[in-house]
Amino acid sequence: MVELNQLVLELESNLKSEGVKKEWKERRSSWVSDVAASVNLTYLSELLVELESNLQGKSVDIQWGERRNRWVEECLAASIVQEVSSLLLELETNINSEAMADEWQQNREKWVQQMHKFKE
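## With respect to the packing of aromatic side chains
Then, number 1: Counted according to the given criterion, the structure contains 3 aromatic pairs.
Then, number 2: Between Trp24 and Trp31, the ring centres sit 5.1 Å apart and the planes meet at 65°, which makes this aromatic pair edge-to-face. The burial state of Trp24 is the same as that of Trp31; both residues are buried.
Then, number 3: Note on Trp64 and Trp71: the rings are 5.3 Å apart at their centroids and 65° apart in plane angle, and the pair reads as edge-to-face.

## Remarks on the side chain of Ser45
Then, number 1: When you line up the elements, Ser45 lands in helix H3 (residues 41–53).
Then, number 2: Within polar-contact distance, the side chain of Ser45 engages the backbone oxygen of Cys75 at 3.4 Å.
Then, number 3: With near-sequence residues (within four places) excluded, Ser45 lies in contact with Cys75, Ala78 and Val84.

## Brief notes about the packing of helix H5 (residues 81–94) against helix H6 (residues 104–117)
A packed helix pair is summarised by two numbers, namely the angle formed by the two axes and the spacing between the axes.
Then, number 1: Their axes nearest at 10 Å, the elements H5 and H6 cross at an angle of 160°. Accordingly, the angle class assigned to the pair H5 and H6 is roughly antiparallel. Handedness of the H5/H6 crossing: left-handed. Side by side, H5 and H6 meet where Ser85, Leu88, Leu89, Glu92 and Thr93 of the first sit next to Trp104, Arg108, Trp111, Val112, Met115 and His116 of the second.
Then, number 2: Here the contact of H5 with H6 is composed, by residue class, of 6 nonpolar, 3 polar and 2 charged.

Parameters at a glance
- In this convention, every chain numbers its residues from 1, walking through the sequence in written order.
- For a predicted model such as this one, the threshold for reporting local features is a pLDDT of at least 70, and the threshold for listing and counting side-chain atom pairs is 80 or more; totals across whole chains, interfaces and linings nevertheless cover every residue.
- Based on all heavy atoms of the structure, the side-chain values leave hydrogens and waters out of the count.
- Pairing of aromatic rings covers Phe, Tyr and Trp, the last counted by its six-membered ring, and requires centre-to-centre distances within 6.5 Å; plane angles under 30 degrees mean stacked, over 60 mean edge-to-face, and any other angle means tilted.
- For the exposure calls, accessible area comes from a 1.4 Å probe over protein chains only, and a residue counts as buried if that area is under 20% of its type's maximum, exposed if over 50%, partly exposed in between.
- Strands are runs of DSSP state E lasting at least 2 residues, helices are runs of H or I lasting at least 4, and numbering of each runs from the N terminus.
- What qualifies as a polar contact is a pair of N or O atoms within 3.5 Å, subject to a donor-acceptor requirement within protein and to the restriction that residues adjacent in sequence count only when both atoms come from side chains.
- The contact definition used throughout considers only heavy atoms, calling two residues in contact when any of these lie within 4.5 Å.
- Here an axis means a line fitted to C-alpha atoms, over the contact stretch when the element is a helix, while the angle between two N-to-C directions is reported on a 0 to 180 degree scale.
- Here roughly perpendicular refers to angles of 65 to 115 degrees, roughly parallel to angles under 35, roughly antiparallel to angles over 145, and oblique to all remaining angles.
- The hand of a helix crossing depends on one turn: near helix anticlockwise from the far one by less than a right angle means left-handed, and clockwise means right-handed.
- Gly counts as polar in this scheme, as do all residues outside two lists: the nonpolar Ala, Val, Leu, Ile, Met, Phe, Trp, Tyr, Cys and Pro, and the charged Asp, Glu, Lys and Arg.

This is the structure in C-alpha cells:
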C-alpha cells in the first residue's frame, strides 16, 4: 500500500500550480501528510477524490465531465488495491498534459509501469 501512496503523491507533485484550484495550496501540505500516512484504502480513495475535485476544469479532458460522477462513486466504493490503482491511472489519463510538469512525460512511462504491477 505504501507504494500506491507514493504513486498518488508522485502524480500530485507533478501537477502545475495553475492546474489546481487556489484552495488547494492551503490544503496541500496536510493532504500530502494524510496520503503518506494512510494505511487504509478507503481513506486513500477519499483523498484521491479530494485531489480530483481540486483540479481546475481546464486541467481535465472534456469527456471527463461525463465520467466523473461514476468515477467518484467507484473511488468511494473501492475496497481493493487493484480498484484504487485502476482509478488513479484513469484519472491520470484524463488530466491534460498542459496541467502537468514538463518532466512528467519523461517519468510517466515508469509511473504507468508501476501502476500496472497492482493489476497482477
